[in-house]
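A look at the structure
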Amino acid sequence: MRWWQIRKRDADLERELKADLELEEEEQRERGLSAEEAHYAAQRAFGNTTLIREQTRAAWSWVWIESLLRDLGYGIRGMRRNLGSTIFAILIVGLGIGGASTVFSVVNALLLRPLPFRDPAQLVFISNGENHSTQAEQYSDLRDHNQSFSDLAGWSAFYRAGDKELTGTGEPERLTSVPVTQNLFPLLGVEPALGRSFTREECQGKYSAPPAMLLSYSFWHRRFASDPNVVGKKLTLNDQPVTVIGVLPASFDFASIFAPGTPIDVFIPWPLTDDTKPHGNTMSIVGRLKPGATIGGAQAEFNVLAKQLDSQHPERNPIHPRLVPLEEHVSGQVRPALVVLMCAVGAVMLIVCANLSHLQMARMGTRQKEMAIRAALGAGRFRLLRQVLTESVTLSCGGAALGLLLAVAGTRELAHLNTFNLPLLESVRVDRTTLVFTLLATVATGVLFGLAPALQVLACKLREGLQDAGRGWSGSRRHGWFRDGLAVSQFALACLLLVGAALLIQSFLRVLDVNLGFQPERAAALRIDPSFQVSSAAQQNAFIDDVLHRARSAPGITAAGITDVLPLGGDRSWQVSGKGQIYEKDHSPESFIRVVSDGYFDALGIPLKSGRVLTESDRASSEPVVVVNETLARTLWPGQDPVGQVMTQDGGRRVVGVVGDVHHGGPERSGGSEMYLPMRQTGDYPAMQLIVRTVLPPDSLAAGIRAVLRPIDPNLPVKDFQTLQELVDKGMSPRRFLVILLSGFAGFALLLASLGIYALISYSVSERTKEIGMRMALGASSGLVQRDVLAKTLRLALSGVALGTLGSFALSKGIESLLFGTTTTNPAVFLGVILLLCAVALVAAYAPARRASRIDPMEALRTE
Amino acid sequence: MEKQPQQRANLLQGTLDMLILRTLLYGAAHGHQIGKHIQRTTNDFLQMQHGSLYPALHRLEERGWVISKWETAPDRNREFKYYRLTATGRKQLVVEESQWKQMAEAVARVMWPAAEEN
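In this text, all values refer to a predicted model and were calculated from it rather than measured experimentally. (Residues numbered from 1 in each chain as written. Chains lettered and ligands numbered in written order. Predicted model: local features only at pLDDT ≥ 70, side-chain atom pairs only at ≥ 80, totals over all residues.)

The subject of this paragraph is the overall build of chain B. Looking only at helices and strands, chain B features five helices and three strands. Helices and strands appear in chain B in the N-to-C order α-β-α-α-β-β-α-α. (Helix = DSSP H or I, 4+ residues; strand = E, 2+ residues; numbered from the N terminus.)

As structure tokens, this is what we get:
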């Protein structure tokens, strides 16, 4: 029998006892007693049947559930009686748990959950130096000669968003394709959901004309409505037929792992043997360690291998292999921010607990009599403790229900923020781990805030509790220091959160203030690669001329130019030198390459510092020229006029102008050296992006641009039209994410702390009514009473703030790496937070202080 | 004042379980029969407390040492709740019996050392 059959079992026991009792009675009668005598004799022999029943029930092992249900009943009744404070408690626990569960689900997805690969702990990301890619030839040699890895695989780090145009079936669309080595998917342990992976033959064709492709799950779902028959079909990519050989599983989201913010549509084979593939450092490498091999050993081996390769192949780019576990490579950068968020959530939950602890203590104070009666009727200490804790856990469960709703909504919102530059964000959801976390957090919260009230109940003397004078002269003075401690700790934690949030907000404002070197407002970009195969420089330049003339004639356009990479993206770099300058191998300066047309600097708003910008007449037939930024000019020709100097690139390029630096790596990093080659003088660029500057809102431009460009390319997909502001915002999205969440938590903490001190002060005023009345009767003025209350408040707030400030100093290391343009000891921030907290405390205490000053001594002294 | 009966119950609890199991070795019996049997066999030395008997029976059933069934008594034409020993109950009886023996011998050695030496 199970515990829910308790009634049935109870009836069964009653029947058993009755049957045996009747038998006893019968036997007594058979001995010759009268019916009445037999009845009493049987009763005597048996004893108290109710008691026997009680004792027998206690032998049933699930009796605790019954008493739990009873406690729950008491708890819910108690909650209904104090509906206001119950709603308040559920609300703040709900907000706290909601925030905690949401942050935890992000942490879970980004840090805790293993990557969706086979044995992800064995996977290692191999970069070249700090975070660069490796030359494909080096990859082949590393792969063949190392002993640590069972295999190495790679993908092109230089894929570009929208580099393939899908035509022929339905609406033309630009796709983002990633070239991968044949063994990438087997190495990661990713099986196609449909079809198969690449064969060796498919990886030996031409780079520009892949014979086969694999679709990403999301692209398959979006474009082909999950039609399984698409496998085996031939599609047209950049006018070349490509066979769809399979669909990757939904669990494999390359984009969210390796390229947050850029959805990947298709994967194509990367023929390493083809000489027409892009040269230079273009490959990202991942390796699977052999069983038993360590990353330290592998690093040591690769250091030796790299030296050998460098000396054997001086013609290649040098390599400096750096091995990091793949998981660290993917989420290592966001780890500090997530740790800070998790700590913030913990602090918020502690404040919630402190707040509710005080509330419960006050409630239990009013129920002292009830508890005393229970104790008098024989409830054990443990039983009372359990009852009080059941009540508080029930409260926190109510809050958790609300919190889970918030967390589900929050995570759903987060997972769809595809403008956010955070890895694995799409896999954020409330899963089983998060549910377990929420449950634990809920129970811990309930126990934590219920413990003090429960102990208070236990400490209460029976007689004292039964007397009506529950709140006498010094009714709960005993707990005074504890209540004060609760308020102080709330202020300390709130101070901690506010300092953290303020520092990050300040950093965010500093980041927004950074002069990017270009003006993103009112500029927009559109991918416009020609849909035909470019066969000559003349043909290419005619296309460029045509596009620019047409674009400039569109309404509202003030400037237009073409570039190969958008700002804040692209890290193609070359080693550079001025004519006559000789650097040691591996020591010559590096510069980023931008291939741009005339009008580019105007369209982006990059200021010209000296010389001239590129013009329409810088063509294949004219002198090779280049524009450099200030950093490159300073690097190559310190103290000299760079204009007129010659760089060694492409057999000599004359510097015609110097422009301002652009923060290409994002606002938080300095830009480094850059050089701008005229697009009409080269064919070596991966993409064409049209950039326009407008007086109209950039969003309204798409249709107009499409109309003017339609004669050139009727298939031009304008869906990828994006404003540069979006681009900038995306780059800042992780910081924005952190700031928004942390400010939210800090605001919530401030609110709770102020409510907490308000509750404490009102409580202590009402508790001290008689005392205050007495003092006023003895001549204290109402102003003095009011000042007294405010002084106490301020004392508590200042103690909290002092503790919080010390805590912030102690914890400042954790947040240091997240700051920009400010320091962990910024005095303005600390002063601001301290003033804010004191002000909030005084405002919160004003009403109770006023109430105290209005106490009528006669009334106060008469109440007892 | 409250504590004393509690202690006695604890002392007797294990023994009572053993006595019940031993009684059931003769075959199925209901609570009244079991109590009466123990009382009669010990010449009324052990007065059966119903407040101990029924909890003990239910506890034994929880542990799976006995099973219960409502059956009609052969002589009274009424249903009683009959308890019956299970296989594990039999094993438990052996265990408890040997424990009790050890206990009794140990106590005996302390109490009557001379008798042991002879």
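Continuing now.
Our focus in this paragraph is the overall build of chain A. Each helix and strand in chain A was counted, giving 26 helices and 24 strands. In terms of overall size, chain A is more extended than a compact globule, its C-alpha atoms giving a radius of gyration of 37 Å where 864 residues would be expected to give roughly 29 Å. In terms of overall dimensions, chain A has a C-alpha envelope of 130 × 85 × 55 Å along the principal axes. (Rg over C-alpha atoms; globule rule 2.2 N^0.38 Å.)

All names here are of chain A. One can describe the packing of helix α17 (residues 480-513) onto helix α25 (residues 827-853) by two numbers: an axis separation of 9 Å at closest approach and a directional angle of 135°. Taken together, the axes of α17 and α25 are oblique relative to one another. For the pair α17 and α25, the crossing hand works out as right-handed. When α17 is examined against α25, the residues Phe491, Ala494, Cys495, Leu498, Val499, Ala502, Leu503 and Gln506 are found in contact with a partner set consisting of Val829, Phe830, Gly832, Val833, Leu836 and Leu837. Its residues placed into classes, the contact of α17 with α25 shows twelve nonpolar, two polar and no charged. (Axes fitted to C-alpha atoms, helices over the stretch in contact; angles between N-to-C directions. Parallel < 35°, antiparallel > 145°, perpendicular 65-115°, else oblique. Left-handed = near helix turned anticlockwise from the far one by under 90°. Contact = placed C-beta atoms within 7 Å. Nonpolar A, V, L, I, M, F, W, Y, C, P; charged D, E, K, R; others polar.)

In this section: the sheet that holds strand β3 (residues 79-85) of chain B. All names here are of chain B. The three strands are arranged β1-β3-β2 in an open sheet whose pairing can be described as antiparallel. Unpaired on one side and paired on the other, β1 (29-30) and β2 (66-72) mark the two borders of the sheet. In terms of strand pairing, β1 meets β3 through two bridges, oriented antiparallel. When the sheet's bridge partners are listed, His30 is paired in β3 with Tyr82. (Pairing = 2+ DSSP bridges.)

Mean pLDDT over chain A stands at 84; residues scoring 70 or higher make up 93%. Within the model, the stretch residues 469-475 of chain A combines pLDDT values under 50 with seven contacts to residues more than four positions away or in other chains. (pLDDT = per-residue confidence, 0-100.)

Time to look at the interface of chain A and chain B. The interface of chain A with chain B comprises 16 residues on the first partner and 14 residues on the second. When residues of the side of chain A that touches chain B are traced back to their parent elements, those giving at least two are α1 (6-30) and α3 (49-59) of chain A. Here the residues of the side of chain A that touches chain B are counted per class, giving nine nonpolar, four polar and three charged.

In this section: the confidence of the model for chain B. All names here are of chain B. When pLDDT is averaged across chain B, the result is 80; 84% of the residues are at 70 or more. Of all helices and strands in chain B, the one with the weakest mean pLDDT is helix α5 (residues 113-117) (60), whereas β3 scores best (91). For the stretch residues 1-11, pLDDT sits under 50, and the model shows one contact to residues farther than four places along the chain or on other chains. Predicted complex, confidence summary: ipTM 0.80, pTM 0.73.

Domains assigned within chain A are domain 1 (3-61), domain 2 (65-117 + 333-470), domain 3 (120-332), domain 4 (474-515 + 726-864) and domain 5 (529-715). Here the C-alpha centre of domain 5 of chain A lies 29 Å away from the C-alpha centre of domain 3 of chain A. (Domains from an automatic or database assignment.)

All names here are of chain A. Counting buried residues along strand β14 (residues 523-527), five of its five residues qualify, which places the element largely inside the surrounding structure. Going residue by residue along β14, you find Ala523, Ala525 and Arg527 tucked away on one face and Ala524 and Leu526 tucked away on the opposite face as well. Bridging between β14 and strand β23 (residues 689-694) involves five bridges; their strand directions are antiparallel. Across the sheet, residue Leu526 finds its bridge partner in β23, namely Leu690. In this sheet, strand β24 (residues 722-723) lies alongside β14 in antiparallel orientation, the contact comprising two bridges. Bridge pairing in β24 places Ala525 opposite Gln722. (Buried ≥ 20, exposed ≤ 12 C-beta atoms within 10 Å, placed from the backbone.)

Here the focus is the packing of helix α2 (residues 31-41) of chain B against helix α3 (residues 50-62) of chain B. Residue and element names in this part refer to chain B. At their nearest, the axes of α2 and α3 sit 11 Å apart, and the two run at 125° to each other. One element, α2, and the other, α3, form an angle in the oblique class. Viewed along their axes, α2 and α3 form a crossing whose handedness is right-handed. The segment α2 lies against α3, with Gly31, Ile34 and Gly35 engaging His50, Leu53, Tyr54 and Leu57. The residue makeup of the contact of α2 with α3, split by class, is four nonpolar, three polar and no charged.

Residue and element names in this part refer to chain A. Residues Ala494, Leu497, Ala749 and Ile757 are the most contacted members of the largest nonpolar core, which totals 158 residues. Once residues within four sequence positions are removed from consideration, Leu497 is found in contact with Ala344, Ala347, Phe745, Ala746 and Ala749. Listed in part, the 53 residues of the second largest apolar core include Ala559, Met675, Tyr676 and Leu724. (Core = buried A, V, L, I, M, F, W, Y, C linked by C-beta atoms within 7 Å.)

The subject of this paragraph is unusual backbone geometry. Residue and element names in this part refer to chain A. Positioned with a positive phi, Ser226 is a non-glycine residue whose angle comes to about 55°. Following the sequence through the fold, Ser226 ends up in the loop between α8 (217-224) and β9 (234-237). What makes Ser226 partly exposed here is the crowd of 13 C-beta atoms within 10 Å. For Asp650, which is not glycine, the phi torsion reads 50° and is therefore positive. Within the secondary structure, Asp650 is located in the loop between β20 (646-647) and β21 (653-659). Assessed through the 12 C-beta atoms surrounding it within 10 Å, Asp650 is described here as exposed.

Taking 1.5 Å as the rise per residue, helix α15 (residues 432-459) of chain A with 28 residues should run 40 Å; its terminal C-alpha atoms sit 40 Å apart, in good agreement. Along α15 of chain A, the helix axis deviates most sharply at Leu451 of chain A, where the bend reaches about 40°; the proline Pro453 of chain A sits within four residues downstream. (Expected span 1.5 Å × (residues − 1). Bend = angle between axes of the 7 residues up to and from the residue.)

So, about the pairing of strand β12 (residues 281-289) of chain A. All names here are of chain A. Burial of β12 is extensive: nine of the nine residues sit out of reach of the surface. Bridge analysis of strand β1 (residues 123-128) against β12 gives four bridges, and the strand direction is antiparallel. Across the sheet, residue Val124 finds its bridge partner in β12, namely Gly287. Here strand β2 (residues 134-135) runs beside β12; their pairing, made up of two bridges, is antiparallel. Pairing of Gln135 across the sheet is with Asn281, part of β12. Pairing of strand β3 (residues 149-156) with β12 involves seven bridges; the strand directions are antiparallel. Bridge pairing in β12 places Ala153 opposite Val286.

A separate point is the environment of Ile126 of chain A. Residues and elements named next belong to chain A. Among the structural elements, Ile126 can be located in strand β1. The exposure class assigned to Ile126 is buried, which follows from the 27 C-beta atoms found within 10 Å. The spacing of Ile126 and Ser284 is 158 residues in sequence and 7.2 Å in space, taken between C-alpha atoms.

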